[in-house]
Amino acid sequence: MIQNEEPVIANSLWSATANPSAPCPELQADVSADVAIVGAGFTGLSAALHLAQMGRSVVVLEAQTPGWGASGRNGGQVNPGLIEAPNDAIARFGPEMGQRMIQLSGQAGQLVFDLIAEHHIQCDARPVGWLRAAHNSAGMQSLVQKAEQWAQHGADLKLLSRADVVQAIGTNAYIGGLIDPRGGNLHPLNYALGLCDAARAAGVRIYGQSRVEKLERRGAEHLLVTKRGQLRAGRVLLCTNGYSGPLHKGLQQSVVPIRSVQVATEPLSQELRAGILPGLHAPSDTRRLLSYFRMDAAGRFVMGARGGYSVQATRARLAQARAWSIKLFPQLAQVRWEFEWGGYIAATADQYPHLHDFGNGMAAGLGYNGRGVAMATAMGKVLADWASGRPHGELDFPVTPLRKIPFHPLYPFGVETKVAYYRFLDGVGL
């Protein structure tokens with residue numbers, strides 16, 4: 001998996017506005033714990049916090065710093081639910097497990113906001129609902145179907161008319177929409193840092209700059225070796241998502257890293273703010289290559305879109321994100337763009353997150369397909385349940401076999417080909 005980031009996308013708004021947080025020292029000793037967690041993103045930090053609250057001793061090893069990956073660079077949308085519709089989960093995984101998945105994913109947004117409230121995390125949390133904006137009639141129909149299916153499972157999603165969307169967003173580019181009241185938005189890096197602080201307060205030991213170079217079984221324990229230390233633990237959770245490496249054979253080939261990029265303006269004047277996202281929502285649209293946008297706490301307009309795998313392609317996508325922002329909101333034409341950044345999410349072939357039990361006390365959860373704020377937090381709780389000994393049949397997400405994606409080394413070519421095809425379909429309105 002890709003480990004380094006090009007300088008062209010290193011200027012992150014979220015890093016520039018991050019809260020102060022105590023540094024996590026490098027592991028430079030031999031330590032032990034009940035559970036070792038690799039990766040200090042939303043999944044790993046949520047798992048660590050929940051395990052500590054269960055009374056387990058936990059050590060987290062992070063190759064960089066907490067929130068360094070997608071957890072600290074995403075758009076901050078708290079999106080309830082899975083990408084696939086609720087009835088698809090039931091058809092695929094059966095009525096009992098499907099219903100558990102629906103309940104877990106539907107409540108994932110509330111889990112995020114509950115953790116924020118419980119641990120007093122300062123991350124500009126806005127539980128204003130998640131707004132989907134329909135760009136054409138087919139997109140609107142898909143939202144109608146989603147609302148109908150969620151209603152069957154007790155969720156009251158509200159369909160919006162064109163006038164409703166204009167009032168909520170401030171642009172007439174969309175014909176209607178859907179708002180899920182269980183969602184909202186937040187400052188993603190500050191949320192990750194807040195989870196880190198909460199986990200440490202609960203007794204979790206978190207080490208930064210401590211890349212795991214070797215992972216092996218030693219009797220009844222696992223040995224995790226870093227550059228200057230080592231950790232022994234009875235159970236191991238791999239929470240590395242789009243930045244997974246070779247610690248477990250085949251894990252990095254089970255997902256495809258997709259680059260997402262974002263741009264942000266300087267803080268807007270009060271006059272401009274009044275006409276752009278007055279409801280402080282963070283909408284995403286129904287295009288195949290969706291756009292997602294929001295305002296930050298200081299009034300900067302932020303636009304996110306699909307990135308590329310080369311510097312040239314990434315620069316082009318950043319320019320397109322700025323151009324699309326101005327098309328939606330022409331009043332941004334004379335505004336200075338202050339930030340541009342990006343990173344990798346992990347996509348799965350079936351569009352579901354994956355939970356794997358590798359045996360001998362090691363498991364992984366990854367592949368959130370762009371919905372990681374809520375679902376990674378929820379998956380961390382599921383992994384904590386697994387590490388505490390809960391049987392597979394009692395978990396709220398299915399344990400599935402690890403499957404490599406065919407022709408994985410060719411994924412950049414495959415992704416770019418699909419992007420070009422989707423751009424064509426979106427362009428002609430299909």
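This is a predicted model, so every value here is computed, not measured. Residue indices follow the written sequence of each chain, beginning from 1 at its first position. The model is predicted, so local features are restricted to residues of pLDDT at least 70 and side-chain atom pairs to those at 80 or more, both for listing and for counting; the totals for chains, interfaces and linings are taken over all residues. With hydrogens and water stripped out, all remaining heavy atoms of the structure feed into the side-chain values.

Q: Looking at this model, I keep getting lost on the nonpolar core. Mind explaining?
A: A general trend in soluble globular proteins is that nonpolar side chains are found buried together. Formed by 55 residues in total, the largest nonpolar core has its most connected members in Ile37, Tyr191, Leu237 and Phe397. Per the convention used, a helix needs a DSSP run of H or I reaching at least four residues, while a strand needs a run of E reaching at least two, with both numbered from the N terminus. Mapped by element, the contributors of at least two residues to this core are β2 (30-38), α2 (42-53), β3 (58-61), α4 (95-106), α5 (108-118), α8 (188-201) and α11 (372-387). By residue number, the principal contributor to this core is α11, which donates 11 residues. The nonpolar core is taken to be a set of buried Ala, Val, Leu, Ile, Met, Phe, Trp, Tyr and Cys residues, with the residues joined through side-chain atoms within 4.5 Å. Relative accessibility decides the category of a residue: with a 1.4 Å probe and only protein chains considered, values under 20% of the type maximum give buried, values over 50% give exposed, and everything between is partly exposed. Core analysis: the second largest hydrophobic core is formed by 26 residues, Ala133, Tyr174, Met303 and Leu318 among them.

Q: Just checking my understanding: could you explain the pattern of salt bridges for this structure?
A: Any two side chains of opposite charge can pair, so long as their charged atoms come close to each other. Criterion for a salt bridge: a side-chain nitrogen of Lys or Arg within 4 Å of a carboxyl oxygen of Asp or Glu. Here the structure, examined in full by the defined rule, presents 13 salt bridges. Arg100 is the salt-bridge partner of Glu96, the closest N and O atoms lying 2.9 Å from each other. Linking Glu96 with Arg100, this pair stays in helix α4, spanning 4 residues, or about one helical turn. Judged by relative accessible area, Glu96 falls into the exposed class, the value being 55%. Asp124 is paired through a salt bridge with Arg126; the nearest N and O atoms lie 3.2 Å apart. Looking at Arg126, the relative accessible area reads 9%, which means it is buried.

Q: I tried to follow helix α10 (residues 311-328) on my own but got confused; where do I start?
A: Working note: α-helix, 3.6 residues per turn, so residues spaced by three or four point in the same direction. The end-to-end C-alpha distance of α10, which contains 18 residues, comes to 26 Å, matching closely the 26 Å that a straight helix rising 1.5 Å per residue would cover. Listing the buried residues of α10 in full gives Ala313, Thr314, Arg317, Leu318, Ala321, Trp324, Ser325 and Leu328. Mapping the buried residues of α10 onto a view down its axis gives an arc of 140°, with all of them on the same face. Residues of α10 that are exposed and angled more than 90 degrees away from the buried face: Gln312 and Lys327. How far a helix is expected to stretch is found by multiplying one less than its residue total by 1.5 Å. In this description, the arc belongs to the directions extending from the helix axis to the C-beta atoms.

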